[in-house]
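Spelled out from the first residue to the last, the chains are:
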Amino acid sequence: MADKLTSSFSKMKFNAEAEEFVPSWLKKTPAPAPAPAPVEKPVEKPVEKPVEKPTPVVEKPKVQSPAIEDKPKSTPSTPKNPGSPAVHNLRNEFNAKRSNSQDFEVPKDMKENLNIVFIGHVDAGKSTMGGQILYLTGMVDQRTLDKLQREAKEIGRDSWYLSWALDLNQEERNKGKTVECGKAIFETEKRRFTILDAPGHKNYVPSMISGASQADIGVLVISARKGEFETGFERGGQTREHAMLAKTAGVKKLIIVVNKMDDPTVQWSQERYLECCKKITPFLKQVGYNPKTDVHYIPVSAYTGANIKDRLTEDVCKWYKKESLLEYLDNIKIPTERNVNGPLLIPITDKNKDMGTIISGKVESGKLKKGQNVIVMPNKKPAEILQIYYEDNETQYAVSGDNVRIKLKGIEEDEISPGFVICSPDYKINCVTAFEAQLAILEYKNIICAGYSAVLHLHACVEDVSITALLHSVDKKTGKKSKHAPRFLKQGDVAIVRLETAQMVCAETYADFQQLGRFTIRDEGKTIAIGKITKLITE
């Protein structure tokens, strides 16, 4: 067998010393040399690489988009991020970027407007006084007054006819109670005045707050009639609450008008007049008014008109020889700052539809003219001012302090709500749902913890609010904050808290703009707390 194999091998010329035979498909796998081979084979991949090269070229414009990235860096200076410190300086920011929309001059012969709110307990005679002032200044003629007198006599309410000059609603006339904050205008040689007749009943305090937030001067009407003054001034009466709410709303000066001095129980008694003044003065001092500089007392009879326009004669009253109510109002110095050259800010207090969208409000800052473009916040709706009215009189311009009605173009009535703010395009007011504030608890039987909910009154805005965190207690004497957060608050406490609203509200810090940074919190028909915004939060 072996011989056969050797012979067969010899025939095949087999070389035993030859190198070991390895198939080509095995050579490439184990050998390291094949590594370059795959590199050579993907010679097609370099063809792909040039395809990849264009992509970086396309990306280069994207890389050069730092120009786009630079834009967000500039946005913190705009009101889109209310949390940034740059936003908080309202006037500086506006001056830095103001445009031609505010660069116009208003006539120098425009009369200065003074907003007066009549406040006090129900039936003190606020509406009657307002009607008498309108009659004495010629805003209501004798014919209209005779008509009102006949209508009042028909329902057996002879003495109500003067109040009907302001109470235009039939419900108000039938009940003899003001429900909504009435508004009227009268003029003297020196000034134009806007009367805001606030309701005195405790059920309509929100309307009273809305009126007080627009006022420069407060006229606190108290009744000298025996029993009426005491009822209004006792706990639960509206004399106390109205005085406190007026101070919270920013009314820096109060005129205490002691009305009904002609009543048979009073008969212009100096003793009764001084008694009323002495009882109310300590309370006003406690609220925050300085009796020497912020408070002035005047005895009047709203029904007869005594001491309203003309001074008292000796046959009526011998002991009071000072100026009358209208004389004093004509010469009083306006206690609030009028920033005519600032950003345009008009909190909307009311709206209606009359051949277009019409809103009402007080110009808190800036100036406006017909044809001017504006923005309504917080919904950022652009609009154009078509017409400006002082009550029924059309005008071309309005400035800070004026209480006006404005007809808008480019926005529907249902896109506006009371509490919205009209702004200039140069500066949009901050809009937030959370902010920190210094809160003073006035009256509450229970304790207040985080999670407490109530109703917020901020300028003309009314919104549901909740206290989400108690941050610091504040020492009422030194004003220092505590290091640790309090567990709860009780009546008389002052604290720094965080509040969150159900909907977005237009607001500024108290330090930047007082009128848009102070607020009241009410619950179950009572004023629970007052406060001022210290910080706006966007996150």
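This write-up is about the structure you can find in this document. Here the structure is a predicted model, which is why all the values come from computation and not from measurement.

Quick word on the pairing of strand E21 (residues 526-537)
Then, number 1: Bridge count for strand E16 (residues 431-441) against E21 is eight bridges, and the pairing is antiparallel. Residue pairing across strands places Leu 439 opposite Gly 531, the latter belonging to E21.
Then, number 2: Relative to E21, strand E20 (residues 518-523) runs antiparallel, the two sharing six bridges. The residue bridging Ile 521 from the neighbouring strand is Ala 529, located in E21.
Then, number 3: Linkage of E20 to E21, two consecutive antiparallel strands, is achieved through a turn of two residues, within which Glu 524 is found at a positive phi near 55°.

Description of the pattern of salt bridges
Then, number 1: The full count for this structure, using the stated rule, is 21 salt bridges.
Then, number 2: Two residues, Glu 187 and Lys 111, come together in a salt bridge whose shortest N-O distance is 3.2 Å. With Glu 187 in strand E2 (residues 182-187) and Lys 111 in the loop between helix H8 (90-97) and strand E1 (112-119), this residue pair connects regions lying 76 residues apart in the sequence.
Then, number 3: The exposure class assigned to Lys 111 is partly exposed, which follows from its relative accessible area of 29%.
Then, number 4: Lys 362 is the salt-bridge partner of Glu 364, the closest N and O atoms lying 4.0 Å from each other. The pair Glu 364 / Lys 362 is uniform in exposure class, with both members buried.

Notes on the nonpolar core
Then, number 1: Ranked by size, the top nonpolar core spans 75 residues in total, and within it Met 129, Ile 133, Leu 220, Ile 255, Leu 284 and Leu 325 carry the most contacts.
Then, number 2: The dominant element in this core, judged by the number of residues it contributes, is helix H15 (residues 270-287), at six residues.
Then, number 3: If sequence neighbours within four positions are ignored, Ile 255 has contacts with Ile 217, Gly 218, Val 219, Leu 220, His 296, Ile 298, Leu 325, Tyr 328 and Leu 329.
Then, number 4: Counting residues in hydrophobic clusters, the runner-up holds 26 residues, among them Leu 439, Tyr 452, Val 497 and Leu 499.

A short note on the packing of aromatic side chains
Then, number 1: Here the structure, examined in full by the defined rule, presents seven aromatic pairs.
Then, number 2: Between the aromatic rings of Tyr 273 and Trp 319, the centroid separation amounts to 5.1 Å while the plane-to-plane angle is 40°, which identifies the pairing as tilted. In this pair, Tyr 273 is assigned in helix H15 and Trp 319 in the loop between strand E6 (295-299) and helix H16 (325-331), connecting sequence segments 46 residues apart.
Then, number 3: Tyr 273 sits in the buried class, given a relative accessible area of 8%.
Then, number 4: Judged by its relative accessible area of 24%, Trp 319 is partly exposed.

Here is what the cut-offs are and how they apply
- Residues numbered from 1 in each chain as written.
- Predicted model: local features only at pLDDT ≥ 70, side-chain atom pairs only at ≥ 80, totals over all residues.
- Heavy atoms only, no water.
- Pairing = 2+ DSSP bridges.
- Helix = DSSP H or I, 4+ residues; strand = E, 2+ residues; numbered from the N terminus.
- Salt bridge = Lys/Arg side-chain N within 4 Å of Asp/Glu carboxyl O.
- Buried < 20%, exposed > 50% of the residue type's maximum accessible area, 1.4 Å probe, protein only.
- Core = buried A, V, L, I, M, F, W, Y, C linked by side-chain atoms within 4.5 Å.
- Contact = heavy atoms within 4.5 Å.
- Phe/Tyr/Trp six-rings, centres within 6.5 Å; stacked < 30°, edge-to-face > 60°.

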